[in-house]
Structures are given as C-alpha cells and as structure tokens.
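What the coordinates show
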Amino acid sequence: MDIAAAISGITSALGLVKELRDINAQFDQAELKLKIADLTEALSEAKLGLVDVAEELQAKDAEIANLKEQLQFRATKLVDQGHFRYFADEQGKAAGVPVCPVCETKGLFLKLAQDRSKGAGSVTYVCPSCKANYGYHGVVARA
Ligand SMILES: [Zn+2]
C-alpha cells in the first residue's frame, strides 16, 4: 500500500465516524455495532498501509545514506581526467589506472586491470567485474 492508499483508508474511517455520530444509539443498536465493525476494519487497513509506508521510508533513508556515502567517496578519493575517473594520489592528482565507469554507476569503484591473456603485445585494460574492455592504451593517468 502506498501513502495515497493509506490516506484514502483513513478518509474512509473518518466517514464512518461521521455516520456513527448520526446514529441514534438508543434505538439503532444493531446498526451501531455494524458501523463499529466497519470502522475497526477500515482503521486496521489504514494501519497496515502506514506500516508499509514506514518500511518504504526506511528503505529510502538507507538508500539516501548509501548515495551520500558514495558522493563523499567520489568527492574525497576520486579525480576526473579526460574521459575517466581515477583514485587520487597524496597530492590529489589522478594516479594509475581509472575506475570502471560502468561499474561506478552501480556504486562499485573498481580499477581496471591489464588483460595479458593474448600475449605481451596485446595487453588490454578490462574491468575485473563487468569485463568491459577499454582498449590497449590511453587509460593510465597522465602526470
Ligand atoms: Zn566494470
């Protein structure tokens, strides 16, 4: 249940409360009991809806915290140079091989690795996770 459905459930419950007020309690005992049962059901559904909303909010808080952490990491540890992003050295300059841009979008900061499987003359730079191939040269940070 989303927040709109929970609000709608509470609105129904409030409508039942208004109907309860209009019942003459002394003469309409059966109708009164029926309305109280409806009200109890409407409030129970609205409560379950709010439990769902609370869980969704918690999940969003966790995601926001994770994204903040990633932003902080990018801001303090990584440096852009050309088309790539690198880990920064002590002077804050791009160093070594870049992180995989594909995996970075998923929150993974993985340095490219050399693929030497095709022999010394055909070394390429690949991501150790997604296996994206970034070619033979031009990826190492310039001093
Ligand atoms: Zn990758």
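Note that the structure is a prediction, hence the values are computed from the model and not measured. Along each chain, residues carry numbers from 1 onward, in the same order as the chain's sequence is written. Local features in this predicted model are restricted to residues of pLDDT 70 or higher, and side-chain atom pairs are both shown and tallied only at a pLDDT of 80 or more, whereas totals for entire chains, interfaces and linings draw on every residue. Where side-chain values are given, they derive from all heavy atoms of the structure, hydrogens and water being excluded.

Let's shift gears to the pairing of strand 2 (residues 84-88). Sheet topology places strand 1 (residues 78-81) next to strand 2; four bridges connect them, and they run antiparallel. Note on strand 2: the bridge partner recorded for Asp80 is Arg85. Pairing between strands requires that DSSP locate at least two bridges from one strand to the other. Here a helix means four or more residues in a row that DSSP labels H or I, a strand means two or more in a row labelled E, and each is numbered from the N terminus. Joining the antiparallel neighbours strand 1 and strand 2 is a turn of two residues, in which Gly82 adopts a positive phi near 60 degrees. Pairing of strand 2 with strand 3 (residues 94-95), which is carried by two bridges, proceeds in the antiparallel orientation. What sits directly across from Ala88, in strand 3, is Ala94.

All right, on to the sheet that holds strand 3 then. The pairing of strands in a sheet comes from backbone hydrogen bonds and takes either a parallel or an antiparallel form. If you trace the three strands from one edge of the open sheet to the other, you get 1-2-3, paired in antiparallel fashion. With partners counted over all chains shown, the strands left at the sheet margins are strand 1 and strand 3, one partner each.

What follows deals with the packing of aromatic side chains. A ring pair, where both rings are aromatic, is described by two values, the distance of the centres and the angle of the planes. Aromatic rings from Phe, Tyr and Trp, with only the six-membered ring used for Trp, were paired whenever their centres fell within 6.5 Å, and each pair was classed as stacked if the ring planes differed by under 30 degrees, edge-to-face if by over 60, and tilted otherwise. Overall, the coordinates contain three aromatic pairs when judged by the stated rule. Arranged with centres 6.1 Å apart and planes meeting at 85 degrees, the rings of Phe73 and Phe87 form a pair that is edge-to-face. Residue Phe73 is found in helix 2 (residues 29-77), and its partner Phe87 is found in strand 2; the two are separated by 14 residues along the sequence. The buried label goes to any residue with under 20% of its type's maximum accessible area, the exposed label to any with over 50%, and the partly exposed label to all in between, with areas taken from a 1.4 Å probe on protein chains only. Of the residues examined, Phe73 reaches a relative accessible area of 26% and is grouped as partly exposed. Look at Phe87 and you get partly exposed, because its relative accessible area is 22%. An aromatic cluster is present here, built from Phe73, Phe87 and Phe109 joined pairwise through their rings.

This part takes up the coordination of the zinc ion. Coordination sphere of the zinc ion, protein contribution only: Cys100 (SG), Cys103 (SG), Cys127 (SG) and Cys130 (SG), at 2.2 to 2.3 Å. Each metal's donors are the N, O and S atoms found within 2.8 Å of it, except that Na, K and Ca use a 3.2 Å limit; water is left out, so coordination can look incomplete. The geometry test gives tetrahedral to four donors whose angles all lie between 85 and 135 degrees, gives square planar to four donors and octahedral to six donors whose opposite members are over 155 degrees apart with all other angles between 65 and 115, and gives irregular to the rest. Considering all four donor atoms around the zinc ion, angles at the metal cover 105 to 119 degrees and the coordination shape is tetrahedral. Each donor residue of the zinc ion belongs to the same chain, with the gaps between them written as C-x2-C-x23-C-x2-C. What makes Cys127 buried here is its relative accessible area of 0%. What makes Cys130 partly exposed here is its relative accessible area of 29%.

The biggest cluster of nonpolar side chains holds twelve residues, and these are Phe84, Tyr86, Ala94, Val97, Cys100, Cys103, Leu112, Tyr125, Cys127, Tyr134, Val139 and Ala141. Setting aside chain neighbours within four positions, we find Tyr125 in contact with Val97, Leu112, Ala113, Gln114, Ala132, Asn133, Tyr134, Gly135, Tyr136, Val139 and Val140. Nonpolar cores were defined as sets of buried Ala, Val, Leu, Ile, Met, Phe, Trp, Tyr and Cys residues, with membership established by side-chain atoms within 4.5 Å. A contact between two residues is defined here by any heavy atoms of the two lying within 4.5 Å.

Here the focus is the domain arrangement of the protein chain. Domain start and stop points were drawn from an automatic or database domain assignment. One can read the domain layout of the protein chain as domain 1 (3-75) and domain 2 (82-126). Each of domain 1 and domain 2 has a C-alpha centre, and the two are 50 Å apart.

Take a side-chain nitrogen of Lys or Arg and a carboxyl oxygen of Asp or Glu: if they are within 4 Å of each other, that pair is a salt bridge. Overall, the coordinates contain four salt bridges when judged by the stated rule. Between Arg74 and Glu104 there is a salt bridge whose closest N-O contact spans 2.5 Å. Note that Arg74 is positioned in helix 2 and Glu104 in helix 3 (residues 101-104), a separation of 30 residues in sequence. Here Asp80 makes a salt bridge to Arg85, at a shortest N to O gap of 2.5 Å. Taken together, the salt bridges that share partners define one network made up of Arg74, Asp80, Arg85 and Glu104.

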